[in-house]
Amino acid sequence: MSGVPVTWSSERARGWLRVPGPRDDKYRRGVLGMRTGSARYPGAAVLGVTAAWRTGVGLLRYAPPREERLPPHGLPSPAAAVLAARPETVIGAGTDGCAAWVIGSGTDPAERGEAERAALVELLGSGSPIVVDAGALDLVAPGAERGADAARDGSLGAGGALRGPAIVTPHAGEFARMWDTTFGSPLPEAWPGRDAPAAEPGSAREAEAETARAEAALRLAARIGATVLLKGSRTLLASPGGTLLACGPATPWLATAGTGDVLAGILGALLAAHADAVREDPELLAPIGATAALLHDAAARRASGCPEDGSAAEGTTAGRPVTALDVAEAIPHACAALAGTAETDPAARAAGKP
Ligand SMILES: NC(=O)C1=CN([C@@H]2O[C@H](COP(=O)(O)OP(=O)(O)OC[C@H]3O[C@@H](n4cnc5c(N)ncnc54)[C@H](OP(=O)(O)O)[C@@H]3O)[C@@H](O)[C@H]2O)[C@@H](O)CC1
Ligand SMILES: Nc1ncnc2c1ncn2[C@@H]1O[C@H](COP(=O)(O)OP(=O)(O)O)[C@@H](O)[C@H]1O
């Protein structure tokens, strides 16, 4: 497997943004289902749903988690929080009628009950294109030993409960957990550890670390049968068929809580718009994932007032702090600029307005 990725660009991304035409309706534009958030993390559901709407879905169904636990501190349930933030959302979906799904953001497998696990396994086995994030990642990397046993009796392959086209979205820590449960061996030696001193940009050590990330992502993708979107300053896309794409470095202002939930929403919306094509050819999940990462960074740059041409690389001081919700709110204008359907307004951007 080659560890040299194709760098994703605005020109390549543009074709994946679906601009509606006069014959479209809300169903044709793509119906997305989201089963995200929990009593502990209702905010993650709001962030993902907001991002998906802002990316341009036709209809969004939110399936509330099946939880025994009541939200602590008098907090609203995830469904109540979603509805308060985005009243256009249809609450209480079954698994029918959605072109694609997002699961796992804002959930913790340690707190997941049997009913919720069964609902997630049903979605993973439904054959629908699916984004698997955060607390659902264990269901597609269920453990090498368990996977092997279950593969023998035909109940579970190396990709766990997975039956349809899937893209998993781990950060480095989640990737390390998936690697461990899938292969039961340590990550490659050149893998960039959190405690190691940062490699100089452009140095041989940085190149070696990037190659290690890419090769590991390709190996995991091939093993679990799902495209891997490995998050970080540079986000990598690795498909089971060997496609390898890279985005970034993204603006470092993106390194803030909840931006991963926003990315999952963007990705879900793009997936719903291209669900039929992805069912035909799951390798398309790599360019769709790369487009989501590029749009995510473009929205963050717009929200933080830093240049959108990629010149605010790691280590520079361009831009200003953003929150995950700021990033979600900036998506429509980043989308229009990327699709070429709107003139960018540098003066407004410099003032931090979308
Ligand atoms: N508003 C909300 O509702 C929000 C809800 N959220 C939800 O919270 C849930 C938990 O997600 P999470 O990512 O915070 O925790 P978790 O999965 O335990 O991993 C953390 C451990 O992994 C490691 N680690 C290594 N590299 C790393 C890296 N690059 N980035 C991060 N971690 C890295 C590191 O371990 P260390 O290396 O320090 O030993 C670290 O301690 C999830 O469902 C998410 O959706 C959030 O989105 C926030 C907003
Ligand atoms: N140093 C960085 N520079 C640019 N982007 C980053 C950096 N670190 C993380 N990111 C991006 O921020 C997002 C964080 O996602 P994640 O770790 O899942 O956060 P959360 O779980 O809080 O939503 C990802 O899209 C990741 O690519």
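Residues numbered from 1 in each chain as written. Chains lettered and ligands numbered in written order. Predicted model: local features only at pLDDT ≥ 70, side-chain atom pairs only at ≥ 80, totals over all residues. Heavy atoms only, no water.

1. A look at the UniProt feature "binding site: (6S)-NADPHX" (unreviewed entry) in the chain
Within this structure's numbering, the places UniProt gives as "binding site: (6S)-NADPHX" (unreviewed entry) are Ala 44, Gly 106, His 171 and Asp 261. Along the polypeptide, Ala 44 turns up in helix H2 (residues 42-55). Looking at Ala 44, the relative accessible area reads 8%, which means it is buried. Setting aside residues up to four positions removed in sequence, Ala 44 forms contacts with Ser 105, Gly 106 and Asp 261. Within the fold, Asp 261 resides in helix H8 (residues 259-273). (UniProt positions renumbered as here; feature names shortened; annotations may be inferred. Helix = DSSP H or I, 4+ residues; strand = E, 2+ residues; numbered from the N terminus. Buried < 20%, exposed > 50% of the residue type's maximum accessible area, 1.4 Å probe, protein only. Contact = heavy atoms within 4.5 Å.)

2. As for helix H10 (residues 285-304)
An α-helix turns once per 3.6 residues; consequently, residues spaced three or four apart project the same way. Compared with the 28 Å implied by 1.5 Å per residue over 20 residues, the 28 Å span of H10 between its first and last C-alpha is a close match. In terms of residue burial, H10 counts as a mostly covered element, since 20 of its 20 residues are buried. Backbone geometry just after H10 places Gly 305 at a positive phi near 70°. (Expected span 1.5 Å × (residues − 1).)

3. A few points about helix H3 (residues 78-85)
Those residues of H3 that sit buried are Pro 78, Ala 79, Ala 81 and Val 82. What you see down the axis of H3 is that its buried residues fit within an arc of 165°, all on one side. Where the residues of H3 are buried, they touch H2, strand E3 (59-62) and strand E4 (90-91). (Arc of directions from axis to C-beta.)

4. Quick word on the pattern of salt bridges
In total, this model carries eleven salt bridges according to the counting rule given. With a closest N to O distance of 3.5 Å, Lys 231 and Asp 133 form a salt bridge. Of the two residues, Lys 231 sits in the loop between strand E8 (227-230) and strand E9 (235-238) while Asp 133 sits in the loop between strand E6 (130-132) and helix H5 (144-153), which places them 98 residues apart along the sequence. The pair formed by Lys 231 and Asp 133 is uniform in burial state, with each residue classed as buried. Look at the salt bridges and you will find they share partners, linking Arg 40, Asp 108 and Glu 111 into a network. (Salt bridge = Lys/Arg side-chain N within 4 Å of Asp/Glu carboxyl O.)

5. A word on the site of ligand 2
In the region of ligand 2, 17 residues are neighbours, and Lys 231, Gly 232, Gly 258, Thr 259 and Gly 260 sit closest. Residue Lys 231 places a side-chain N or O atom 2.7 Å away from an oxygen atom belonging to ligand 2. Residue Thr 235 places a side-chain N or O atom 3.5 Å away from an oxygen atom belonging to ligand 2. Starting from 580 Å² of accessible surface for ligand 2 in isolation, the protein chains cover 77%. The greatest single-element share of the shell around ligand 2, amounting to four residues, is contributed by H8. (Near = heavy atom within 4 Å. Polar contact = N/O pair within 3.5 Å; in protein donor to acceptor, adjacent residues only side chain to side chain. Areas by Shrake-Rupley, 256 points an atom, 1.4 Å probe, with all protein chains shown as cover.)

6. A look at the sheet that holds E8
Judged by pairing direction, the sheet is mixed, and its ten strands sit side by side in the order E1-E10-E9-E8-E7-E6-E5-E2-E3-E4 without closing on themselves. Two strands in the sheet have a free side with no partner beyond their single neighbour: strand E1 (6-7) and E4. Relative to E6, strand E5 (residues 100-103) runs parallel, the two being bridged by three bridges. Residue pairing across strands places Val 102 opposite Val 131, the latter belonging to E6. This element, H2, spans strand E2 (31-35) and E3 of the sheet and lies at about 165° to E3. Packed onto the sheet, H10 meets strand E7 (166-168), E8, E9 and strand E10 (244-247) and runs at close to 5° relative to E10. (Pairing = 2+ DSSP bridges. Axes fitted to C-alpha atoms, helices over the stretch in contact; angles between N-to-C directions.)

7. Quick word on the nonpolar core
One finds Leu 32 and Val 262 to be the most contacted residues of the largest nonpolar core, which totals 61 residues. Take this core: its biggest share by element is twelve residues, from H10. Residues within four places of Leu 32 in sequence aside, it is in contact with Ala 52, Val 57, Leu 59, Leu 60, Arg 61, Cys 98, Ala 100, Trp 101, Val 102, Gly 268, Ala 269 and Ala 272. Judged by nonpolar contacts, the second largest core, of 39 residues, contains Ile 103, Leu 120, Val 140 and Leu 162. (Core = buried A, V, L, I, M, F, W, Y, C linked by side-chain atoms within 4.5 Å.)

8. Topic: the packing of H2 against helix H11 (residues 324-339)
Their axes nearest at 8 Å, the elements H2 and H11 cross at an angle of 10°. For the element pair H2 / H11, the angle class is roughly parallel. Here H2 contributes Leu 47, Thr 50, Ala 51, Arg 54 and Thr 55 to the contact with H11, which in turn contributes Ala 324, Leu 325, Ala 328, Glu 329, Ile 331, Pro 332 and Cys 335. Here the contact of H2 with H11 is composed, by residue class, of eight nonpolar, two polar and two charged. (Parallel < 35°, antiparallel > 145°, perpendicular 65-115°, else oblique. Nonpolar A, V, L, I, M, F, W, Y, C, P; charged D, E, K, R; others polar.)

9. Digging into the pairing of E5
With burial as the criterion, each face of E5 is covered, one bearing Ala 100 and Val 102 and the other bearing Trp 101 and Ile 103. The sheet contact formed by E2 and E5 spans four bridges and is parallel. Following the sheet pairing, Gly 33 is matched in E5 by Trp 101. Between the parallel elements E5 and E6, the chain passes through helix H4 (residues 114-124) in a crossover that is right-handed. (Right-handed = clockwise from strand over helix to strand, strands pointing away.)

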